[in-house]
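Each chain, written out:
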Amino acid sequence: MSVLPHDDQLHLLDSPGDTIDLDATLAPVRQRGGWGVMLGWSATSAPVALLLLTGIALGPRGINLMTASLTSLLDPVIPVALGALGVLVGLGLIDRRPGEPRLLTAALVESGLTLLIVALGTVPIAWTVWASGDSSWRSLALATGICAATSLTLPTGGSLDPRASSTRIRELGVVLPIAAGAVLLAGLDAGRFTAAVVLLANATGITILLAAAGWLLLTRASSETEERVFAVSALLMVGGVADALSMSALFGGLTAGMFWRYLGHHPRETITRDVLFVQHPLVVLVLLVAGARADLSWASAGIAVGYIAFRLVGKLVGGVIAWRMGDGVVSRDVGLLLLPPGVFGVAFALNVAGSVGNAEASLLLGAVVIATIGLDIVALAVAPRRALA
Amino acid sequence: MRRLLALALAVGAMAWVREVGVPSASGTSVTAIALGFALLGASITGDALRQFQLPRLTGYLLFGIIVGPHVANLITESMAAQLQIVTGIATTLIAFIAGLTLSVDRLGSRLIGIARMTLVTLGVAMLGLAATLWIAWPWLPIAPEASGAERLVMMVLLAVMVVSFSPTMTAAVVADSGARGRLSDTILAMVVLADLIVLVLFSVSMQVARVVLGTGQSPAGEAFVRLSWEIGGAVAFGVLIGVLFALYLRYIGREISLVLLAVCAMLTQIGTTQQLQPLLAALAAGIVIENLAVAQGDSLRAAVRRGAPPVLVVFFAAVGASLRIDALAVIGIAALALAAVRLGFIRVGLRAGVRLAGLPESIGEHAWTGLVSQAGITLGFASVVATTFPGWGNQVQLLLVALIAIHELVGPAWFRRGLAQAGELDARAPRPLVVVSNREPYLHNDDGQGSIAVTAATGGVAVALDALMRERGGVWIAHGAGSADQLVVNAFDKVRVPPESPAYDLRRLWIEEPTFSAYYGGFANEGLWPLCHVVDVRPKFRTEDWAAYQDVNARFAAAIHQEIGASDVPVFIQDYHLALVAPALRALRPDTRTALFWHIPWPNPDRLRICPWRGEILAGLLANDLIAFQLERDRRNFLMAAEEELQAEIEIEASRVRLAGHTATVVSVPIGVDFDRIQGFAADPGLIEEQQRLRTLLNLRAEIVGLGVDRLDYTKGIPERLDALDALMIRRPELRGRMTFVQIGVPSRSDLESYSAIEAEIDLRIAELNARHAVRGGSPVVTYYTTPLSAFSLAALYRLAHFCIVSSLHDGMNLVAKEFVAARDDERGVLVLSALAGAAQELEDAVIINPYDADAFAGALARAIDMPADEQARRMRAMRKVVAGRNVFNWASDILEGLESLWTKPLLYSVRGWEETSV
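Thresholds applied
- Residues numbered from 1 in each chain as written.
- Chains lettered and ligands numbered in written order.
- Predicted model: local features only at pLDDT ≥ 70, side-chain atom pairs only at ≥ 80, totals over all residues.
- Heavy atoms only, no water.
- Helix = DSSP H or I, 4+ residues; strand = E, 2+ residues; numbered from the N terminus.
- Buried < 20%, exposed > 50% of the residue type's maximum accessible area, 1.4 Å probe, protein only.
- Contact = heavy atoms within 4.5 Å.
- Areas by Shrake-Rupley, 256 points an atom, 1.4 Å probe, with all protein chains shown as cover.
- Axes fitted to C-alpha atoms, helices over the stretch in contact; angles between N-to-C directions.
- Parallel < 35°, antiparallel > 145°, perpendicular 65-115°, else oblique.
- Left-handed = near helix turned anticlockwise from the far one by under 90°.
- Nonpolar A, V, L, I, M, F, W, Y, C, P; charged D, E, K, R; others polar.
- pLDDT = per-residue confidence, 0-100.
- Phe/Tyr/Trp six-rings, centres within 6.5 Å; stacked < 30°, edge-to-face > 60°.
- Core = buried A, V, L, I, M, F, W, Y, C linked by side-chain atoms within 4.5 Å.
- Polar contact = N/O pair within 3.5 Å; in protein donor to acceptor, adjacent residues only side chain to side chain.
- Buried area = accessible area lost by both parts, 1.4 Å probe.
- Salt bridge = Lys/Arg side-chain N within 4 Å of Asp/Glu carboxyl O.
- Expected span 1.5 Å × (residues − 1).
- Pairing = 2+ DSSP bridges.
- Patch = residues over 30% accessible without salt bridge, like charges linked within 9 Å, V, L, I, M, F, W, Y side chains within 5 Å.

Next up on the list: the overall build of chain B. Secondary structure assignment for chain B yields 35 helices and 18 strands. Per-residue burial for chain B yields a buried fraction of 60% across its 919 residues. In chain B, of all internal contacts separated by at least 6 residues, the share reaching a separation of at least 24 is 79%. Summed over all atoms, the accessible surface of chain B reaches about 33500 Å², with 58% contributed by carbon and sulfur.

Glancing now at the overall build of chain A. Along the backbone of chain A there are 19 helices and 2 strands. Residues counted as buried form 57% of the 389 residues belonging to chain A. Put simply, 82% of the contacts in chain A that link residues at least 6 apart link residues at least 24 apart. Per element, the accessible surface of chain A, about 14600 Å² overall, is 67% carbon and sulfur.

Residue and element names in this part refer to chain B. One can describe the packing of helix α28 (residues 718-731) onto helix α32 (residues 854-866) by two numbers: an axis separation of 8 Å at closest approach and a directional angle of 65 degrees. Classified by the angle between their axes, α28 and α32 sit roughly perpendicular to one another. Regarding α28 and α32, the two cross each other, and that crossing is right-handed. Residue-level inspection shows Glu-720, Arg-721, Asp-723, Ala-724, Leu-725, Ala-727, Leu-728 and Arg-731 of α28 in contact with α32, the latter providing Ala-854, Asp-855, Phe-857, Ala-858, Gly-859, Leu-861, Ala-862 and Ile-865. Of the residues that constitute the contact of α28 with α32, the class distribution is 10 nonpolar, 1 polar and 5 charged.

The next point concerns the confidence of the model for chain B. Residue and element names in this part refer to chain B. For chain B, mean pLDDT is 82; residues scoring 70 or higher make up 89% of the total. The secondary structure element of chain B with the lowest average pLDDT is helix α35 (residues 906-912), at 37, and the one with the highest is strand β16 (residues 803-806), at 95. Throughout residues 903-919 the model reports pLDDT below 50, and contacts reaching past four residues in sequence, or to other chains, amount to 66 contacts. Confidence estimates for the predicted assembly give a pTM of 0.59 and an ipTM of 0.80.

With that out of the way, let us pick up the packing of aromatic side chains. Residues and elements named next belong to chain B. One pass over the structure, following the stated rule, counts 26 aromatic pairs over all chains. Arranged with centres 6.3 Å apart and planes meeting at 65 degrees, the rings of Tyr-576 and Trp-598 form a pair that is edge-to-face. In this pair, Tyr-576 is assigned in the loop between β7 (571-574) and α22 (581-588) and Trp-598 in strand β8 (residues 594-598), connecting sequence segments 22 residues apart. Classification of Tyr-576 as buried rests on a relative accessible area of 1%.

In this section: the nonpolar core. All names here are of chain B. Membership of the largest hydrophobic core comes to 262 residues, with the highest contact counts inside it found for Phe-96 and Phe-245. When near neighbours in sequence (up to four residues on either side) are disregarded, Phe-96 contacts Phe-245, Leu-260, Leu-267, Ala-282, Leu-283, Ala-285, Gly-286, Ile-289 and Leu-300. Counting residues in each nonpolar core, the second largest holds 97 residues, with Phe-516, Tyr-576, Ala-648 and Leu-725 among its members.

Residues and elements named next belong to chain A. Mapped onto the elements of the fold, Thr-150 is located in the loop between α8 (136-149) and β2 (163-164). A distance of 3.3 Å separates a polar side-chain atom of Thr-150 from the backbone oxygen of Cys-147. Excluding residues within four positions of it along the chain, Thr-150 makes contact with Val-174, Pro-177, Arg-311, Lys-315, Pro-341, Phe-344 and Gly-345.

This part is about the interface of chain B and chain A. Of the residues lining the interface, 42 residues belong to chain B; the matching set on chain A comes to 40 residues. In total, chain B and chain A occlude about 3600 Å² of area from one another, counting both sides; carbon and sulfur atoms represent 71% of this. At the surface where chain B touches chain A, the tally comes to 0 salt bridges. Put simply, the parts of the chain that give the side of chain B that touches chain A at least two residues each are α1 (2-20), α2 (31-50), α11 (256-273) and α13 (294-322) of chain B. The greatest single-element share of the side of chain B that touches chain A, amounting to 12 residues, is contributed by α1 of chain B. Considered class by class, the residues forming the side of chain B that touches chain A number 24 nonpolar, 11 polar and 7 charged.

On to helix α7 (residues 148-163) of chain B. When the terminal C-alpha atoms of α7 of chain B are compared, their 23 Å separation across 16 residues agrees well with the 22 Å that a helix rising 1.5 Å per residue should span. By the burial criterion, the buried members of α7 of chain B are Arg-151, Val-153, Met-154, Met-155, Leu-157, Leu-158, Ala-159, Val-160, Met-161, Val-162 and Val-163 of chain B.

Let us look at the pattern of salt bridges. Residues and elements named next belong to chain B. Enumeration over the complete set of coordinates arrives at 40 salt bridges over all chains. Here Asp-634 makes a salt bridge to Arg-633, at a shortest N to O gap of 3.6 Å. Across the pair Asp-825 and Arg-799 runs a salt bridge whose closest N-O atoms are separated by 2.5 Å. With a gap of 26 residues between them, Asp-825 in the loop between α31 (815-823) and β17 (830-834) and Arg-799 in helix α30 (residues 791-800) connect regions that are remote in the sequence. Several salt bridges share partner residues, and in doing so they unite Glu-526, Lys-540, Arg-542, Asp-545 and Glu-753 into one network.

Turning our eyes to something else, we now look at the sheet that holds strand β14 (residues 739-746) of chain B. Residue and element names in this part refer to chain B. As summarised here, the arrangement of the 6 strands in space is β15-β14-β13-β16-β17-β18, forming an open sheet in which the pairing is parallel. What marks the edges here is a single partner per strand, and that holds for β15 (782-785) and β18 (847-849). Neighbour to neighbour, the strand axes of the sheet diverge by 20 degrees on average, direction disregarded. Pairing analysis gives 8 bridges linking strand β13 (residues 704-711) to β14, with the strands arranged parallel. Residue pairing for β14: Asp-710 is matched across the bridge by Gly-745. Against the sheet, α28 makes contact with β13, β14, β15 and β16, and its axis sits at roughly 175 degrees relative to β14, the strand it touches most.

Let us now look at a nonpolar patch on the surface. Residue and element names in this part refer to chain B. There is a patch of nonpolar side chains on the surface, built from Val-235, Val-239, Leu-240, Val-243, Leu-244, Leu-247, Tyr-251 and Ile-252 and spanning about 720 Å² of accessible area. Its place among the elements puts Tyr-251 in helix α10 (residues 220-251). Residue classification places Tyr-251 among the exposed residues on the basis of a relative accessible area of 60%.

If you want it as structure tokens, here you go:
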């Protein structure tokens, strides 16, 4: 018996002869009932809307328990959390399963199309609400598209875990937005294209240097505690570099994660274990802080409406194209399955808000928070139930 | 080398970051990178310094100083300021962990003595310092113009702060050096108690200072209210947090490390904003959990071990980065003088305190070395004073920072030296141990030709404990069973062993007949053994056997009491023969630390009811501090029995049983084999020759060889094994003459009826089996050999066999299964293992059988014979991983570590986390 529907094809191990007792593998998922299911909380999903609303309620616009000074205390933690999320994506990126190239292509096309549709769709709204007369509306529209293109909350923990094709597309679908986000942030910081490229290259070089240091240490750690100390320090530095250079922490994490993924089993396992240990608190932190910091204005609401509408279109159209390109590997209703917005969109908006720190960034964060809540509600009504698990 | 290269890369990355963008970065944007760099660099430096026998934390501090703003400036001023975020959480965490140290139950009667010593030391040191400061005030660079009441309050405040200690530094040095003993225990408890008192005194002095110096413009009444709030409110808040945290641990218990850090952050934040003493609140929370929520304490300690090390490494590095070496130049002479005066008065106070508390003089001699260090709490005081009283407060802060710099540089090294001089460092002083067992590790026997031969026990447990004793020294007390044992002992019935390089004493106990037979053959082997093994043999319980058992156990206890004298060496008691040693010993020496390992299964409560003296046995075992079983199943059965039979108080989560005011911890620690030694045999070039010799000895001509190695015991399922071989030969007649099963069966306890019966039955069954399936010119089905073989010969046989059968009807573990696996580094051979042997719980890749199901058993044998080489290799590889990961030395040290950690202060957990490999 499988808990997955027949049309959402399983993406399993590389050998057709390998058998997996899916009932046993997925038993923990199935056993997690009650509140966990009701809130949409599982190993790879979170009650995004609920946590964002909680953040808003606890923030300055609510009961002001999460005061501005308190959230500023959390400032250094946010890039580390984002970096850790990026690391998780990077660690799970390279996969030698059958059908992986097709899934990667489908994911790139789907996320790219959504990015484009949302960015173009929100241009008029951004231009309207952003009356300052400069060219910031373009960056704002592009950032909105980047946030809307992702659907991921958390990647699956084990790289050999059985997973549905839609899950894999969701995981691979964050790569393009993260890369585009890195370029955008570098551009915003540096001003000119060449300067942005140089800055991005510098940041990537430093991250690789740190990842190499982490790798050297993790391959010779003498105890689990030492491994943890080294893993934590590597994560702090990877997130910290992005923060110090006002770059994308998600991209820094992705780069480091890919580095560790390539260079051997042991560091990969150690880092994965330590990031998985803190992943849920990190997601909660990101969402609560995003909620508390969200600039809830009419302008952000206006952008959010466009965001929701164009993201729906983007995901459905992108889903259809991904299905066609998937050549039997991707299920027909993948677009519907990708409707829940996940955490990465909010994470990127928070990244922009932290790095750029201007009014456009606040507007973007507010819009993404509102749109994410709205999309989560829409997904509850429209998306297939398995998309929410 | 890799670490240094990694550090170089990190330094390069930091320089690159600064080159590219940090100068323009805002304050908080550099926090994460500063934290990461401090953590990584300090860890590597600490580890590097360890190679030079220096404490790791000196390395953390040095790293902070070197990369800090005052030297290399890799961590800039703003980065160093950002690191202080961790300082607040870390000092609260330290106070919290310190609270976890204060277990009234554990410190017991010593608590009063330590409290007395602490009070006297603090009193003398503070009064002495205050007097000195009063006299020297005009020359101190603080506020020379102050006079009268103003000068008095400043002076009192300074005296309180200057005397304060550092629990973390003290604990870190103890953990770092692996010190164990009364001195380290006493100092740890003392610094925590002292800090509790200093915290209260600081709050009081601050309030008085605010009134006198008019900072808060609050009248005396209001100040009293504020003081009550600051102290009482902090304690109440801490208690509340402690209770809530305990409830969280009990009912949710997830991600405890993170919640712990969040709680510390909350205590810091709320404490600061609400004018509560956060350190006092944290201390109170820790004490509440340790003393009221005992069951949750262990999971919290595990979380501390997991979450605290990174925070504390950063803390030390941050302290290092904030230490202003230049401050020494400005205020150096005053700080040096103050440090000398502080130390002098602490020594005077300690001497008086030790005398008044009635503690050993040796403690007073070295304890001062543990009271030199100062760190987070003192720094916290300094910053509070500087914030509250700008002006002279800043001068005080500067003075204290200089003092801390001095104390941090010399404190850890001095304390380490003090511990070494007190003989508590593992490198210099072995930690002796008392092992008690029925069987002795070395037997002296008359060889019949007028000389005495020494025979060493070859069992895995005996070898492991012998190795441990060689390393640690001490006394092994056992029944002298060798024919020449009495000839070689001295007047105290002792002989130094091992004969080739004496390292410890073997104390022999002489147990005369018929007492020995009643104790050993009767109660232990005709009563307890069948009681604990679910087999078809009825236990026999006779009153005279019970009396002998009690008597012999009491004699063992008296011998232990004689041997340990006034020392506090731990006692390791071996097996079911000695269940009543602990209560008898406790009657003589209530504070002795004992651990007992019960090697055989523990029966379920229904079966236990067969024993008329089950209550006494249970209570006897519960008089130990640590009781270890082989399997989880046995541990659970024991806990159920303790609850049902004695109505003992059980803490399920912590696996602790409380009976008559004593708490015993119950654990399962599966025993292993000496993996390396067996591997060594397997790789010995002489192995082939030995195999040839065995082939000749056992007349092995068959192409397929099976193997069984057992003590002849009814629990081993040998008749069932023969039934399965019979069924196999019927099912696969082509194996007749081609396959031989070698049964090594060493007779034991043959004087007992049940044992002689099983020996006779096996003889008969083998003869019948060989006759039934005999093939002219072919090999017999079973070759039976009853002479014990050496470990090397056994390894040779293991390597010869195509399969090995362990078919126990019930077995605590069965080491033959693990030995077979350890010997097969060729990754060949199949282990056929009874599901009813404890080893089956670990060796899941064996071919598991039910010895009672002869047909299925025969089928499993056929499968073993036909198993393809790649499947054999896959299974063997998996099993070898398990066996290598739990060798017998780990087993022994796990139990001892478990026993010693019951006394280890929780504060050590926080720093021991990253010392696992070195302590």
